[in-house]
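# Summary of the model geometry
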Amino acid sequence: MSSPTSGIAAPRPRSAAVFDGPDRAAARAYMKGIGFDEEDLKRPTIGIANTWIEAMPCNFHLRGLAAHVKEGVRAAGGTPMEFNTIAISDGITMGTKGMKTSLVSREVIADSIELTARGYQFDAVIALSACDKTIPGCVMALARLDIPSLMLYGGSIAPGRFRGKDVTILDVFEGIGSLAAGTMTEEELGELEDVASPGPGACGAQFTANTMACAFEALGISPGGSAMVPAVGDEKSTVAEKVGELIMQVLADDIRPSRVITRNSLENAIAMVCASGGSTNGVLHLLAVAREAGVDLEIDDFERISRATPLLADLKPGGRFVATDLYRAGGVPLLLNRLDELGLLHRDEITVSGRTIGEEAQRAEEAPGQEVVLPAAKPLKTGGGLAILRGNLAPEGAVVKLAGTERKGHTGPARVFESEEQCFAAVKAQLIKAGDVIVIRNEGPAGGPGMREMLQVTAAIVGGGHGEDVALITDGRFSGATRGMMIGHVAPEALRGGPIAAVQEGDQITIDVDARSALLHRPALLVLDEPTSGVDPLSRARLWDTIHQQADAGVGVLVTTHYMQEAQQCHRLLLMSGGRLVAQGSEHDVIGGTTAVEISTDDWAAAFSVLERAGEAVTLDGTDVRVADGDAHRLQLVLEAAGVPARIRSVPATIEERMTVLARAERVSSTPTRS
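Residues numbered from 1 in each chain as written. Predicted model: local features only at pLDDT ≥ 70, side-chain atom pairs only at ≥ 80, totals over all residues. Heavy atoms only, no water.

### Remarks on a nonpolar patch on the surface
Let me state the cut-off plainly: Nonpolar side chains (Val, Leu, Ile, Met, Phe, Trp, Tyr) within 5 Å and like charges within 9 Å form the patches, drawn only from residues with over 30% relative accessible area and no salt bridge. The Shrake-Rupley method, run with a 1.4 Å probe sphere, supplies the accessible areas, and residue values consider only the shown protein chains as cover. Just to be clear on terms, a salt bridge is a Lys or Arg side-chain nitrogen sitting within 4 Å of an Asp or Glu carboxyl oxygen. Only runs of H or I of at least four residues qualify as helices and only runs of E of at least two qualify as strands under DSSP, and these elements are numbered from the N terminus. Exposure categories follow from relative accessible area, calculated using a 1.4 Å probe and restricted to protein chains: below 20% of the type maximum is buried, above 50% is exposed, and the middle band is partly exposed.
A contiguous nonpolar surface patch, about 210 Å² in accessible area, is contributed by Ile86, Val104 and Val108. Among the structural elements, valine 108 can be located in helix H5 (residues 102-120). Take valine 108: its relative accessible area is 37%, and that puts it in the partly exposed class.

This is the structure:
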């Protein structure tokens, strides 16, 4: 990025109310006591929103970077005031309860930056970001504030070196699966662990952090050419100083996020995600930014743009190169240039540099012989790196990352897990088989809660040798490092009554990428999550009509109601229609087994395998094995005969276990008919 012009006027549209005049003597006194002088307080105050934290490498270097930003601000005639917010490492919390805090942290980051900037009435803001949620959190805050502002990305970590090849943290996650599969030793994993993360900076490939950094440069809220500059080195310090100078020009020109974040610029950002093979998290983050900016954007816009945008960047996790390679090849401007060449760039959108995004694209400098970004005429794929699926498993949509896999579909039996931990335990125990469709539910925004990323599971699957012969579908989400046939963001989520809640062990599921569908080959459940008693007659009639329609289509209905008589009425109706119903009340469990069997054992993998072969409806709850509607005495004898010591007790059945019992029973009618 180039230096801004000198001789910038210095407007103070907000800070004058804080520091000017006799009435503000107390405010000035506070600031003078900590090193600010009279001249400092007469200049525009520039908030430096930092997401520095010492608990992870991604943001570890941002305090040093902020010092260079502040030098640039002072040199251009402003007074910088640095403040901090939080940051949660996705990589460090991955696979633990701590990951539930990750997505929530995005909102806390946005809230805290907004609150601080409004409270101190800064004239402009520079937000420094690095790890995944800090990037969209910063931009969401800037959109809310709508004052002259920009975002600077802290940059990517360098790749590690392991036995002569570049590695990233993904290799460690996949190494855990390789260890479980017996294809890597503990000593080899330890050697890899020691070199995979060689310093400060965000994860090195086109995972979520680099995806969003590229997207926000394409959006125009980050200066052109800044995103892919590596985290460590003199070049980053120089960029930081220039950004500090640039903010004074942004203030003088009154370039606000509302001028930058438009429908067209958001489409540019989506095209960048698709062309770079970026993370599926780009969908939820760009939707969130659009909402904050008051711009109408829908999930179907991602599908439309992805179909039209070729995959141009050969970046890990699906490709060969990392972010520092992209920087040397020509950075984000080179990808913008390719999109412009293809006519896929809204080139007249303004950026914080004062130039249009088309002008930024024309400034690209391509390294001779680079192989990271392919020619526009010879893309890796003619379509973009993600797709939106629908179908009876995801009526409101789901997201799959297409970069890095050539598979277009998969059909297989469902392996159902009620949490990430259950699935990870099964993967480590080698209980996943080729052809399986792994279903992880109750991991959505409300069901988790927190919508955890599941890199630990997906990487273990790939590391265990099943990257190309199983599929996974979840109402949770994935790290940008995930690769393979992994479908996330399934909506509605299980807790909100999505059909994924009705999937049973062994159900056949088909994923068809070309058809953009995720289909369950048995009746799913429509969930009516409020009772009809007390509802006005017209609304009640519409509700019953919905039940009739769904039953005619062979779809069962899960009704949660406190009214015994009403539940029985629903049950009779559905049985006549060939459907089924589970109703749970505060006083009455109308139908379904009310108890399950819980088995505690040191050898839970053996217990699971023995009972599964015996045909039991077996699931995992952490390291406890549960059997829906099982006979405790009989199960004890089965395990004793197999030489598996265990402690067995009867426990209350969950709603999912009651549904399992019903699904195993014969249906009243094989063909739905209307009474």
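### Side note on the sheet that holds strand E3 (residues 124-129)
Stated precisely, the cut-off is as follows: Strands are labelled as partners when DSSP assigns at least two bridges between them. Axis lines are fitted through C-alpha atoms, for helices just across the contact stretch, and the angle between N-to-C directions can take any value from 0 to 180 degrees. Between two residues, a contact is recorded if the distance between any of their heavy atoms is within 4.5 Å.
Taking strand neighbours across the sheet as the criterion, the 4 strands line up as E2-E1-E3-E4 in an open arrangement whose pairing is parallel. The strands lining the two open edges of the sheet, one partner per strand, are strand E2 (79-84) and strand E4 (149-153). If you compare each strand with its neighbour and ignore which way they point, the axes differ by 20 degrees on average. Taken strand by strand, helix H10 (residues 234-253) contacts strand E1 (45-50), E3 and E4, and its axis lies near 170 degrees from that of E4.

### Topic: unusual backbone geometry
Cis geometry is found at the peptide bond from glycine 448 to proline 449, where omega equals -10 degrees. The residue proline 449 is located in the loop between strand E10 (437-440) and helix H19 (455-466) in this model. Residues alanine 491 and proline 492 are joined by a peptide bond in cis, for which omega reads 0 degrees. With respect to the helices and strands, the residue proline 492 is situated in the loop between strand E12 (486-488) and strand E13 (508-512). Here glutamine 121, not a glycine, exhibits a phi torsion of approximately 55 degrees, which is positive. A residue is classified by how much of its surface remains accessible, and glutamine 121, at 31% relative accessible area, is partly exposed. A positive phi angle, near 50 degrees, is found at arginine 163, a position not held by glycine. Along the chain, arginine 163 falls in the loop between strand E5 (160-162) and strand E6 (165-167). Overall, arginine 163 belongs to the exposed group, its relative accessible area being 55%.

### Some thoughts on the packing of helix H3 (residues 62-75) against H10
Filter applied, for reference: Roughly parallel means an angle under 35 degrees; roughly antiparallel means over 145; roughly perpendicular covers 65 to 115; every other angle is labelled oblique. Working rule for handedness: look at the near helix, and if it is turned counterclockwise from the far one by less than a right angle, call the crossing left-handed; if clockwise, right-handed.
Remark: H3 packs on H10, axes separated minimally by 7 Å, with the N-to-C direction vectors making an angle of 40 degrees. Here H3 lies oblique to H10, going by the angle between them. Our pair here, H3 against H10, has a crossing hand that is right-handed. On H10, the residues touching Leu65, His68, Val69, Glu71, Gly72 and Val73 of H3 are Lys236, Ser237, Ala240, Glu241, Gly244, Glu245, Ile247 and Met248.

### Observations regarding the confidence of the model for the protein
Detailed reading of the predicted coordinates is not advisable wherever pLDDT is low. Heads up, the condition is: Per-residue confidence from the predictor is reported as pLDDT, which spans 0 to 100.
Of the residues in the protein, 84% reach a pLDDT of 70 or more, and the chain-wide mean stands at 85. Confidence drops under a pLDDT of 50 for residues 523-541, and excluding neighbours within four residues, the segment shows 46 contacts in the predicted structure. Every residue in residues 665-675 scores below 50 in pLDDT, and together they form 17 contacts with partners more than four places removed in sequence or on other chains.

### Notes on helix H22 (residues 604-613)
The condition is simple: Arc definition: it is the arc formed by the directions from the helix axis to the C-beta atoms.
Buried within H22 we find Trp604, Ala607, Phe608, Val610 and Leu611. Angular distribution of buried residues about the axis of H22 spans 165 degrees; they occupy a single face of the element. Looking one or two residues past H22, glycine 615 carries a phi angle of roughly 85 degrees, positive in sign.

### Points about the pattern of salt bridges
Tallied over the full model, the rule gives 42 salt bridges. Residue arginine 43 is joined to aspartate 40 by a salt bridge in which the shortest nitrogen-to-oxygen separation is 2.9 Å. Using a relative accessible area of 17% as the deciding quantity, one classes aspartate 40 as buried. Glutamate 107 is paired through a salt bridge with arginine 106; the nearest N and O atoms lie 2.6 Å apart. Sharing partners across several salt bridges, the network here consists of Asp90, Asp132, Lys133, Glu453 and Arg477.

### Description of the packing of aromatic side chains
Selection criterion: Planes of paired rings set the category: under 30 degrees apart is stacked, over 60 is edge-to-face and the rest tilted, where pairs are Phe, Tyr or Trp rings (Trp by its six-membered ring) whose centres lie within 6.5 Å. Two thresholds decide whether a charge sits over a ring: the Lys NZ or Arg CZ must be within 6 Å of the ring centre and within 35 degrees of the ring normal.
By the definition in use, this model includes 2 aromatic pairs. An angle of 10 degrees between the planes, with centres 5.7 Å apart, marks the rings of phenylalanine 83 and phenylalanine 122 as stacked. Of this pair, phenylalanine 83 sits in strand E2 while phenylalanine 122 is found in the loop between H5 and E3, placing the two residues 39 residues apart along the sequence. With relative accessibility at 11%, the residue phenylalanine 83 sits in the buried group. By relative accessible area, which is 3% here, phenylalanine 122 ends up buried. Their ring planes at 20 degrees and their centres at 5.8 Å tell us that tyrosine 120 and phenylalanine 122 sit as a pair that is stacked. Here the aromatic residues Phe83, Tyr120 and Phe122 are joined through ring pairs into a cluster of three or more. Its end group placed over the ring of tryptophan 52, arginine 63 keeps NZ or CZ at 5.0 Å from the ring centre.

### Considering the side chain of asparagine 281
Put simply, the rule is: Here a polar contact is taken to be a pair of N or O atoms separated by no more than 3.5 Å, where protein atoms must pair a possible hydrogen donor with a possible acceptor and residues adjacent in sequence count only if both atoms sit in side chains.
For asparagine 281, the position within the fold is in helix H13 (residues 281-293). Overall, asparagine 281 belongs to the buried group, its relative accessible area being 0%. A polar contact of 3.0 Å, which involves the side chain of asparagine 281, links it to the side chain of glutamate 453.

### What about the pairing of E3?
Using the following cut-off: Call a crossover right-handed when, viewed with both strands pointing away from you, the route from the first strand across the helix to the second goes clockwise.
Burial analysis of E3 places 6 of its 6 residues in the buried class, which makes it a mostly covered element. Here E3 shows two buried faces, one formed by Ala124, Ile126 and Leu128 and the other by Val125, Ala127 and Ser129. Summarising the sheet, E1 and E3 pair through 5 bridges and their orientation is parallel. Bridging from a neighbouring strand, isoleucine 48 pairs with isoleucine 126 of E3. Alignment of E3 against E4, held across 5 bridges, turns out to be parallel. Considered in E4, the bridge of serine 129 is made with tyrosine 153. In this fold, the crossover linking E3 to E4 by way of helix H6 (residues 134-145) has right-handed handedness.

### So, H6
Keep this limit in mind: In this scheme, a helix's expected span is set at 1.5 Å multiplied by one less than its residue total.
Helix length check: H6, at 12 residues, gives a terminal C-alpha distance of 16 Å against a target of 16 Å (1.5 Å per residue), a fit within 8%. A large share of H6 lies buried, amounting to 12 of its 12 residues. Those residues of H6 that sit buried are Thr134, Ile135, Pro136, Gly137, Cys138, Val139, Met140, Ala141, Leu142, Ala143, Arg144 and Leu145. Here the buried face of H6 lies against H5, E3, E4, helix H9 (208-219), helix H11 (257-260) and H13. Within two residues after H6, aspartate 146 carries a phi angle of roughly 50 degrees, on the positive side.

### Details of the pairing of strand E9 (residues 409-417)
Looking at chain direction, E9 and E13 are connected through 5 bridges and run antiparallel. Bridging across to E13, threonine 411 finds its partner in threonine 510. As judged from the 4 bridges shared by E9 and E10, these two strands associate in the parallel manner. In the sheet register, phenylalanine 417 faces E10, and the bridge partner there is isoleucine 440.

### A word on the environment of arginine 12
Structurally, the position occupied by arginine 12 is in the segment before helix H1 (16-19). Looking at arginine 12, the relative accessible area reads 18%, which means it is buried. Residues arginine 12 and alanine 124, 112 residues apart in the sequence, show an inter-C-alpha distance of 9.2 Å. What arginine 12 contacts, discounting residues up to four positions off in sequence, is Phe19, Asp20, Leu41, Lys42, Arg43, Pro44 and Asp123. Polar contacts involving the side chain of arginine 12 include one to the main-chain carbonyl oxygen of lysine 42, which spans 3.2 Å.

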